[in-house]
Protein chains: 2
Amino acid sequence: MASGHSVTIESDAGKTAGFLDSAYEEAGASIAKDAAGTVQGADIVFKVRGPEEGEIATLPDGAALIALMEPFAMDPKVIAGLNAKKIAALSMEFTPRITRAQSMDALSSQSNLSGYRAVIEGAQIYGRAMPMMMTAAGTVAPAKVFVMGAGVAGLQAIATARRLGGVVTATDVRPAAKEQVASLGAKFIAVEDDEFKAAETAGGYAKQMSAEYQAKQAELTASHIAKQDIVVTTALIPGRAAPVLITEEMVKSMKPGSVIVDMAVAQGGNCPLSAPDEIVDVGGVKVAGFSNLPARLPADSSSLYSKNLLAFLPLVTAEDSSLNLDTDDEVVTAMLLTRGGETVNERIQS
Amino acid sequence: MASGHSVTIESDAGKTAGFLDSAYEEAGASIAKDAAGTVQGADIVFKVRGPEEGEIATLPDGAALIALMEPFAMDPKVIAGLNAKKIAALSMEFTPRITRAQSMDALSSQSNLSGYRAVIEGAQIYGRAMPMMMTAAGTVAPAKVFVMGAGVAGLQAIATARRLGGVVTATDVRPAAKEQVASLGAKFIAVEDDEFKAAETAGGYAKQMSAEYQAKQAELTASHIAKQDIVVTTALIPGRAAPVLITEEMVKSMKPGSVIVDMAVAQGGNCPLSAPDEIVDVGGVKVAGFSNLPARLPADSSSLYSKNLLAFLPLVTAEDSSLNLDTDDEVVTAMLLTRGGETVNERIQS
């Protein structure tokens, strides 16, 4: 390859995304017929998900493994297995939120796509058109869309709902989000007390708010939710269960035909009635949970994820293309979970 | 009711659209437990679809029946049954395309919704995002969308694909469509020869083009289609099978992951590979056929259809609200299929 590496891909790995083996071969990669053959002799193994326990035996001793490891949900047997083989496992979820690492940030690239897709799914489930339509037979009112959580996913959900002509409101626990929401043409809905003003953390993630604040916010949003046609929830707290934003009572306050898209369903959900990859009908309100929205845009999610990996590659290789973890680099140390037989990341040691 | 009529609705008729029996009762309607009870004693029967043969016995003698009768596909036994009961059957599909009848035009109101929905379905099937996205990990290219046929459905498909950020082109056999397509921000693709220029008919529908023109147009569109990500076909010819616009060869020229939405599948399809309510995978190209797109927006399609019917009501009732077909009115005569035991519409007599 142009960067001096030799690359092996598992056969049909890109098929779902529309990338055929022949395309990889044309780009200079070798095709292996199975996962074990793909990783054989590799210095660096890139994966989407972390390994299953049974896969670890096939990894070469001392290799680097770079993947979305789901670091807060790792099986201790997998960690032990990685350490037994002295694997240097790097978790893409731990890419620090610093400017230099933006191009490597897979959570951002995938959240962006997820936010778009959540609104497309919502529009598909919703039994009306999203935009206002002025027709000879009368006017179709625009959909009222409420986006809860205005991080990367929420902002893209807002932008997409606005594109489709929805009347969009949004909420977030971070005051900085108010300006971002407004810049996309949506109205911000939040209890703006002192705690709210103090809540923005340096890392850009939301910290968990107090029970008191959550109660006040729930009261404000409850009356707002009752009037919405589509609600998209995006609230995640790293390493914890997703916060409940929409109670059963709030769901039941909505009009029949309304739609809730719970983007946090894989982390327990922002709505207790959502279920992974199901559309639950609650008195005519459709509660939809998608556990893996990027997989519903396989071509783009694969492309952006591979660009994230490619941007990260120089931090784990020397100029002669050999494996060389730069453990002085704060990006590498933030992402490194295990190395030389030891668990080296305090975020998963506890 | 405000207009002096008494109205009976079949129980749960609006359930799919999110309209409950209680809402109809609050509006002053009676609820009947089945179809036979609903039409009992009625002067005027409004339906969505024309009757099955077995339903005709329940209709009161001499009543007016107003529905989307599918006049070109009617079972002769149904026509005979309607005549035996001296039913005045009026076909909403035959609403003339004149200004005064626009508010009654159900084909237009439903085509508009279908055009929107076709693009939402296309976006859902497409494994990439529609808009250009400039992200830290790189730029996602916008989807190239080609809309074939720029009638009411095609224009709304163009508008929706543009809303979603697609790069949109469109084609039509009518030269007037070129300006309409451009006004929505899409580029017009057509062989603009003399036949094309002569093809616009007074009624606003497309007449069937010559085989020679179709061959030239197919050649131009074939090279264009090969480069598209999403193609939406909307070409219908009243009373005939839909024209083939996308051959098997053209489908196979498209990139894996591309999507075709065939809106004409219920009339035989604009693509011979499409099948009703299926997504056919042709070497990675997804060919989707939706036989009833308005049913996928049940709330809006019901609302607009009922507004179409309401606008038509004065033409079949006297001032005292009794049944009174105004057979001097060109709208009524255009729509009337059977009356007093005779088939009176020459468009279905042949």
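The structure this text deals with has already been given above.
To keep things clear, this report deals only with the structure shown in the data block. Just so it is clear, the structure is predicted and the values come from calculations on it, not from any experiment. All chains use their own residue numbering, which begins from 1 and follows the written sequence. Lettering of chains starts at A and numbering of ligands starts at 1, both following the order in which they are written. Whole-chain, interface and lining totals are the exception, using all residues; otherwise, since this is a predicted model, local features are given only for residues with pLDDT of at least 70 and side-chain atom pairs are given and counted only at 80 or more. Derived side-chain values reflect all non-hydrogen atoms in the structure, with water molecules and hydrogen atoms excluded from consideration.

Examining the nonpolar core
Counting residues in hydrophobic clusters, the biggest one holds 88 residues, and the most contacted among them are Tyr116, Met130 and Val232 of chain A together with Tyr116, Met130 and Val232 of chain B. Contact partners of Met130 of chain B, with chain neighbours within four places excluded, come to Tyr116 of chain A together with Val119, Ala123, Pro142, Ala143, Val145, Ala161, Leu164, Gly165, Gly166 and Ile230 of chain B. Definition of nonpolar core: a set of buried residues of the types Ala, Val, Leu, Ile, Met, Phe, Trp, Tyr and Cys, connected through side-chain atoms within 4.5 Å. Buried residues are those whose accessible area, probed at 1.4 Å on protein chains only, stays under 20% of the maximum for their type, while exposed residues exceed 50% and partly exposed ones sit between those limits. It only takes one pair of heavy atoms within 4.5 Å for two residues to be counted as in contact.

Section: the sheet that holds strand β13 (residues 278-282) of chain B
All names here are of chain B. Spatially, β10-β9-β8-β11-β12-β14-β13 is the arrangement adopted by the seven strands of the open sheet, whose pairing is mixed. In this open sheet, the two edge strands, each paired with only one partner strand, are β10 (187-188) and β13. A pair of strands is treated as paired once DSSP finds two or more bridges between them. Here a strand is any run of E in DSSP of at least two residues, a helix any run of H or I of at least four, and the numbering for each starts at the N terminus. Relative to β10, strand β9 (residues 167-171) runs parallel, the two sharing two bridges. Paired with Ala170 across the two strands is Phe188, which belongs to β10. Strands in contact with helix α4 (residues 106-125) are β11 (230-233), β12 (259-262), β13 and β14 (285-289); relative to β12, the strand with the most contacts, it is inclined by about 150 degrees. Helix axes use the C-alpha atoms of the stretch in contact, all axes being lines fitted to C-alpha atoms, and the angles between their N-to-C directions lie in the range 0 to 180 degrees. Set on the sheet, helix α8 (residues 211-225) makes contact with β8 (144-148), β9 and β11; between it and β8 the angle comes to about 160 degrees.

Details of the side chain of Asp262 of chain B
Residue and element names in this part refer to chain B. For Asp262, the location among the structural elements is in strand β12. Arg296 is the oppositely charged side chain nearest to the buried, salt-bridge-free Asp262, at an N-O distance of 14 Å. Engagement of the side chain of Asp262 in a polar contact is seen with the backbone nitrogen of Ala264, the distance being 2.9 Å. Reaching out from Asp262, the side chain makes a polar contact with the side chain of Ser274 at a distance of 2.8 Å. Each residue touching Asp262, except ones within four places of it in the same chain, is listed here: Thr233, Gly269, Asn270, Cys271, Ser274, Ala288, Gly289 and Phe290. Only four residue types enter the tally: Lys and Arg on the positive side, Asp and Glu on the negative side; His and the chain ends are excluded. For this document, the term salt bridge refers to a Lys or Arg side-chain nitrogen within 4 Å of an Asp or Glu carboxyl oxygen. N or O atoms within 3.5 Å of each other form a polar contact, as long as, within protein, one can give a hydrogen and the other can take it, and as long as residues adjacent in sequence are counted only when both atoms are side-chain atoms.

What to know about the relation of the copies chain A and chain B
Under the fitted operation, chain A is carried onto chain B by 0.0 Å of movement along the axis and a turn of 180 degrees, and the coordinates agree to an RMSD of 0.0 Å. In short, the pair behaves as if placed about a two-fold rotation axis. In terms of C-alpha distance to the rotation axis, chain A has Arg163 of chain A as its closest residue, with the C-alpha 2.6 Å off the axis. Mapped onto chain B, 100% of the interface residues of chain A are again interface residues, and the two copies thus contact each other with one and the same surface. We superpose the copies by least squares over the C-alpha atoms of residues that have a pLDDT of at least 70 in both of them.

Description of helix α3 (residues 76-84) of chain B
Residues and elements named next belong to chain B. All of the buried residues in α3 are Val78, Ile79, Gly81, Leu82 and Asn83. If you check the start of α3, you find a side-chain oxygen 2.9 Å away from the backbone N of Lys77, and it comes from Asp75. Looking one or two residues past α3, Lys86 carries a phi angle of roughly 50 degrees, positive in sign.

Examining the interface of chain A and chain B
Every contact between the two is made by 43 residues of chain A and, on the other side, 43 residues of chain B. Buried area adds together the accessible area that both of two parts lose upon being put together, with accessible area traced by a 1.4 Å probe. When chain A packs against chain B, close to 3300 Å² is buried across both sides, 58% of that on carbon and sulfur atoms. Here chain A and chain B share two salt bridges between them. Along the contact surface separating chain A from chain B lie 15 residue pairs in polar contact (both at pLDDT 80 or more). Mapped by element, the contributors of at least two residues to the side of chain A that touches chain B are α4 (106-125), β6 (133-135), β7 (138-140), α5 (152-163) and α10 (298-312) of chain A. No other element matches α4 of chain A, which puts nine residues into the side of chain A that touches chain B.

With respect to the packing of aromatic side chains
All names here are of chain A. Stacked, tilted and edge-to-face are the three classes assigned to paired rings of Phe, Tyr and Trp, where Trp is represented by its six-membered ring and a pair needs centres within 6.5 Å; plane angles under 30 degrees give stacked, over 60 edge-to-face, the rest tilted. Summed over all chains, the structure comprises two aromatic pairs over all chains. Ring geometry for Phe72 and Phe94: centres 5.5 Å apart, planes at 65 degrees, overall edge-to-face. Of the two residues, Phe72 is situated in the loop between β4 (64-68) and α3 (76-84) and Phe94 in the loop between β5 (88-91) and α4; the sequence distance between them amounts to 22 residues. Since its relative accessible area comes to 41%, Phe72 is described here as partly exposed. Directly above the ring of Phe94 sits Arg347, whose terminal nitrogen or CZ lies 4.1 Å from the centroid. Here, a charge over a ring means that NZ of Lys or CZ of Arg falls within 6 Å of the ring centre while also lying within 35 degrees of the ring normal.

Purely spatial values, then, with no claim about function.
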